[in-house]
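Structural characterization, general
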Amino acid sequence: MRIGIPKEIKDNENRVGMTPAGVAELVRHGHEVFVQHTAGEGSAFPDSDYEKVGAKILPTIEDVYAQSDMIIKVKEPIEPEYPLVKKGQLLFTYFHFASDRPLTDAMLKSGAVCLAYETVQTPDHRLPLLIPMSEVAGRMGVMEGAYYLQKTKGGKGKLISGVPGVKPAKVLVLGGGTVGEAAARMAAGMGADVYIADISLPRLRQLGIELPANVHTLYSTEHNIREELRDTDIVIGSVLIPGAKTPHLINRDMLKVMQKGSVLVDVAIDQGGCFETSHPTTHTDPVYEVDGIVHYAVANIPGAVPYTSTMALTNATLRYALALADKGWRQACKDDEALRKGLNIVEGKVTFKGVADAWGLPLNEIDL
């Protein structure tokens, strides 16, 4: 199979779809790999590293799309890429269709096969291609929250760890999944007073046993969240419904109970966000203020640490990329239920319920 790895063009997205080590495996399996010139430089992988393992370097993104049967990316195609996607081409990347109608419409029109990292799900309900970036985003979310808690950055001027004789900051984590657990561990390690909320009592019991002593579990209800917000300094929004739009756990009215200069970090912004007042931001312009509350809603948080993120992502995606390349997408998805759940749009039809529900579109069965 001819496999293309284009350079990411989303704002400050320095990750790349595959490391040289991953490309080496694809080549070893007999596939032809095209890498766009400088695609890996942001992650510290020069063109020469790809050439050494057998990849062919192409000068433009147009060349990569034109010559490839499968495209491996990190982030969803953005508007300049829409015309480059070909009918029948397989795109293997993060999509988050349920929060982006123009992207959904463009991919339906293209006739491509869109297999989304974020909805690949194993029988035990794990999301193997979302987990590595969730771990990065959870940790980074706390670091960014602590940074913007500084007075000079619009925050209330508290040090997340406190100092002897001065209490640490209070961090509220909404959602006890991979992002939430990573955020709680990071915040606890930084010395904060941490509360993690979820609607699953078994999950809260597990977190209560496994997390450090300065992490407290909380059953998630609107009342409980509102009460905690009164003295919370940083809120990490990390709720996820795979492939579907994220519910708003904090509405604008609830901002009134918060202290000015508190920070909301919406890690779930890719899927629409946990906060009613959220809208996507970029690494170039990451924050804005609503009613005196600082909002951080960067849609590609792991892009700030591209070397770590690219390595972690390739570790997770490689086995699936090899299966798709070796067998073709139909046979690979027939053989692997987890991969089959990644199919969101197939040749002009929506095949994932969360996307169909989000936009009122018909849901189609996949003929494998």
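It should be noted that the structure appears before, not after, this text.
Report follows, based on the coordinates. Keep in mind that what you see is a predicted model, and the values were worked out from it rather than measured.

In this structure, H96 takes a positive phi of about 55 degrees despite not being glycine. In this fold, H96 is placed in the loop between β5 (90-93) and α4 (101-110). Its relative accessible area of 8% is what places H96 among the buried residues. The residue H125 is not glycine, and still its phi comes out positive at about 70 degrees. In this fold, H125 is placed in the loop between β6 (113-116) and α5 (131-148).

Once that is clear, we can look at the sheet that holds strand β9 (residues 215-219). Pairing is mixed across the open sheet formed by 7 strands, whose spatial order is β9-β8-β7-β10-β11-β13-β12. With one partner strand each, in any of the chains shown, β9 and β12 (287-290) form the two edges of the open sheet. If you compare each strand with its neighbour and ignore which way they point, the axes differ by 20 degrees on average. Sheet topology places strand β8 (residues 193-198) next to β9; 5 bridges connect them, and they run parallel. Note on β9: the bridge partner recorded for V194 is V215. Running over the sheet, helix α7 (residues 201-210) touches β8 and β9 and is turned about 170 degrees from β9.

In this section: the side chain of K73. Relative to the helices and strands, K73 is located in the loop between β4 (70-72) and β5. A distance of 2.5 Å separates a polar side-chain atom of K73 from the backbone oxygen of K75. Among residues more than four places away in sequence, those in contact with K73 are P6, E8, G17, Y65, E81, F92, T93 and Y117.

The subject of this paragraph is the side chain of E228. Structurally, the position occupied by E228 is in helix α8 (residues 222-229). With relative accessibility at 16%, the residue E228 sits in the buried group. When neighbours within four sequence positions are excluded, E228 is seen to be in contact with K170, L172, Y195 and L218.

Here is what the cut-offs are and how they apply
Residues numbered from 1 in each chain as written. Predicted model: local features only at pLDDT ≥ 70, side-chain atom pairs only at ≥ 80, totals over all residues. Heavy atoms only, no water. Helix = DSSP H or I, 4+ residues; strand = E, 2+ residues; numbered from the N terminus. Buried < 20%, exposed > 50% of the residue type's maximum accessible area, 1.4 Å probe, protein only. Pairing = 2+ DSSP bridges. Axes fitted to C-alpha atoms, helices over the stretch in contact; angles between N-to-C directions. Contact = heavy atoms within 4.5 Å. Polar contact = N/O pair within 3.5 Å; in protein donor to acceptor, adjacent residues only side chain to side chain.

Geometric descriptors of this kind do not, in isolation, establish any biological role.
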